[in-house]
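Single-letter residue listing:
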Amino acid sequence: MLRLHDTATGETRPLELRDPGRVSMYVCGPTVYDVPHIGHGRFVLVFDVLRRYLEFRGLGVRYVSNVTDIDDKIITRANAEGRSGAAVAQEYEAVWWEAVDGLGVKRPTETPHATEYVEGMVALVASLEERGAAYETSDGVYLSVAAVDGYGLLAHQSLDSLRSGARVEPGEEKRSPLDFALWKRAKPGEPSWPSPWGSGRPGWHTECVVMSLDLLGEGFDLHGGGIDLAFPHHENERAQAVAMGRAFARHWAHNGWVVVEGEKMSKSLGNFTSLSDLLDRTDGRAYRLLVLRSHYRSPVEVTPRTVADAEEALVRLDGLARRFDLGAAEPGDLDEAGARAAGVDAAALERFVGQMDDDLDTPGALAAIFDLVRRANAAADGHDDEAGRHLARTAQVLAGALGLALAAGEHEIDANSASLVARRDAARAARDWALADQLRDALAARGWVVEDGPDGTRLHR
Ligand SMILES: [Zn+2]
């Protein structure tokens, strides 16, 4: 059984399932007001790998990840650009899925949108108020954290110590600096929904607790996200469930930071790096490899050097597929039982599962895969092609369990390159030569020789 670190207990412990054989997991998705950055890319990859690995072990996974399509940041952008919040959200949600697809991430089984659940959120806020856990002010409704037993669990701090580090801003009517908005009364011109407290919109923390409990039910198995969400966002989700007397997530998993040039990545530091830009420069599979080379709870350093290292490792994997003519296989086409039935190398499979069961030790799992690559090549160098092919196929199956497809054909065009080709053809049709040249350079940087054929852009290696 998979043992996973639990942020709530601080211990690595078995992921015990509410319903045997079935996993229910919720991961906080994006607020769609801007392009995604490489930190978003990390969390979607980490939880995609967790989901794929659980499926590889033969479990059914219901994976819910929300889209926050109403938020202060969306409204700010909409007002600045003179358009509706819905238009902003729609545009950036499309950008989000394009980038996520470029990483080869499987779509969650459900992607609820906040605006579809407002009624449920109003009902939750009303119940919290009835129970005396929430109170109204002139600008909305707040949760009183004093009403919540064990507030601060995910921060590993007591209410008192958290309170001493926070303060009420001038003009705020909160009873405690830690109290948070459940409902925000609308200012003129803002998108709003009716409620007993006047028209307004739900707070972010209310959205996730309503959607996760509605879709996955009480006591669902796992709640995840980036470590920056553990406090206050996840703590505040949990606080609402506790105040309602409802069982919330049984296990909490959080991934570490992305570090750019030695500093925690953030927009304010000016080292913000867009995921789309990264995917224009490199194969999405290389970023997956880069992320998996660090343990999910450790920081990942993204620099030209770590990207180049990951690309080099990818070349070795693709080279293996070519050498043994493995053919294209959808990653995850075989689960563990299927892999055994297909007769993959049992010792390697055992080692891989042992590493992954140990708190998702992907660096160890990759080491097992690259050990197979080395042994497969050594066998073929010694003219034992059959043994080599067997080891190579095992490597392909195990890489697939991590969501990594091996590109077998030299001329196979990956999804990101194909999208660059489509954009370049569109730019040429629109006679936008500068953009067409820019996209040609982007393709060249990915190792393609670009030609203009009668029916558009053609690629060669
Ligand atoms: Zn959330």
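Quick notes on the rules
Residues numbered from 1 in each chain as written. Predicted model: local features only at pLDDT ≥ 70, side-chain atom pairs only at ≥ 80, totals over all residues. Heavy atoms only, no water. Helix = DSSP H or I, 4+ residues; strand = E, 2+ residues; numbered from the N terminus. Buried < 20%, exposed > 50% of the residue type's maximum accessible area, 1.4 Å probe, protein only. Contact = heavy atoms within 4.5 Å. Polar contact = N/O pair within 3.5 Å; in protein donor to acceptor, adjacent residues only side chain to side chain. Axes fitted to C-alpha atoms, helices over the stretch in contact; angles between N-to-C directions. Parallel < 35°, antiparallel > 145°, perpendicular 65-115°, else oblique. Nonpolar A, V, L, I, M, F, W, Y, C, P; charged D, E, K, R; others polar. Expected span 1.5 Å × (residues − 1). Arc of directions from axis to C-beta. Donors = N, O, S within 2.8 Å, 3.2 Å for Na, K, Ca; no water. Tetrahedral: all angles 85-135°; square planar, octahedral: opposite > 155°, others 65-115°. Pairing = 2+ DSSP bridges. Core = buried A, V, L, I, M, F, W, Y, C linked by side-chain atoms within 4.5 Å.

**What to know about the environment of Glu173**
And step 1. Structurally, the position occupied by Glu173 is in the loop between helix H5 (159-164) and strand S7 (180-185).
And step 2. Given the relative accessible area of 41%, Glu173 is considered partly exposed.
And step 3. As for Glu173 and Ser138, which are separated by 35 residues in sequence, their C-alpha atoms are 7.9 Å apart.
And step 4. Look past the residues within four positions of Glu173 in its chain and what remains in contact with it is Tyr135, Thr137 and Ser138.
And step 5. Only 2.2 Å separates the side chain of Glu173 from the side chain of Ser138, close enough to count as a polar contact.

**Here's the deal with the environment of Pro196**
And step 1. In this fold, Pro196 is placed in the loop between S7 and strand S8 (200-202).
And step 2. Along the primary structure Pro196 and Tyr142 are separated by 54 residues, whereas in three dimensions their C-alpha atoms are 14 Å apart.

**Thoughts on the packing of helix H1 (residues 38-56) against helix H9 (residues 284-292)**
And step 1. Where H1 contacts H9, the two axes come as close as 10 Å, and the packing angle between them is 80°. When the axes of H1 and H9 are compared, the pair comes out roughly perpendicular. Taking contact as the criterion, the partners of Ile38, Gly41, Arg42, Leu45, Val46, Asp48, Val49 and Arg52 in H1 are, on H9, Tyr287, Arg288, Val291 and Leu292.
And step 2. Of the residues assigned to the contact of H1 with H9, the class counts are seven nonpolar, one polar and four charged.

**With respect to helix H12 (residues 346-357)**
And step 1. Compared with the 16 Å implied by 1.5 Å per residue over twelve residues, the 16 Å span of H12 between its first and last C-alpha is a close match.
And step 2. Looking at H12, one finds that the buried residues are Ala348, Leu349, Phe352, Val353, Met356 and Asp357. Projected onto a plane normal to the axis of H12, the buried residues spread over an arc of 160° and lie on a single side.
And step 3. For H12, the elements touching its buried residues are strand S1 (3-6), H1, helix H11 (336-341), helix H13 (362-381) and helix H14 (385-401).
And step 4. Looking one or two residues past H12, Asp359 carries a phi angle of roughly 55°, positive in sign.

**Quick look at the coordination of the zinc ion**
And step 1. For the zinc ion, the full set of protein donor atoms is Cys28 (SG), Cys208 (SG), His233 (NE2) and Glu237 (OE), and the range of their distances to it is 2.1 to 2.6 Å.
And step 2. In this structure, the zinc ion is coordinated by four donor atoms arranged in irregular fashion, with angles at the metal of 73 to 128°.
And step 3. When the donor residues of the zinc ion are listed from N- to C-terminus, their spacing reads C-x179-C-x24-H-x3-E. Here the residue Cys208 occupies a position in helix H6 (residues 204-216), and Glu237 occupies one in helix H7 (residues 230-243), the gap between them amounting to 29 residues.

**Some remarks on the pairing of strand S2 (residues 11-14)**
And step 1. With four bridges joining them, S1 and S2 adopt antiparallel strand pairing. Looking at S2, one finds that Asp6 is bridged to Glu11.
And step 2. The turn joining S1 and S2, which pair antiparallel and follow one another in sequence, is formed by four residues; a positive phi near 75° is taken by Gly10.

**Considering the sheet that holds strand S3 (residues 22-27)**
And step 1. In spatial order, the strands read S4-S3-S9-S10; together these four strands make up an open sheet with parallel pairing. Where the open sheet ends on each side, the last strands, each with one partner, are strand S4 (60-65) and strand S10 (251-255). Each strand of the sheet is rotated relative to its neighbour by a mean of 20°, with strand direction disregarded.
And step 2. In the packing of H6 onto the sheet, contacts are made with S3 and S4, and the angle to S3 comes to roughly 165°.

**A closer look at the nonpolar core**
And step 1. Grouped together as the largest cluster of nonpolar side chains are 86 residues, with contacts concentrated most on Tyr287 and Phe352.
And step 2. Per element, the largest residue contribution to this core is eleven residues, and it comes from H1.
And step 3. In this structure Phe352 touches Tyr53, Phe56, Ala365, Ile369, Leu398, Ala401 and Leu402, once residues within four positions along its chain are discounted.

**Comments concerning the pairing of strand S6 (residues 140-143)**
And step 1. As paired elements, strand S5 (residues 134-137) and S6 share four bridges and run antiparallel to each other. Pairing of Ala134 across the sheet is with Leu143, part of S6.
And step 2. From the end of S5 to the start of S6, which pair antiparallel, there are two residues.
And step 3. Inspection of the sheet shows S6 paired to S7 by four bridges, in the antiparallel sense. Bridge pairing in S7 places Val141 opposite Trp183.

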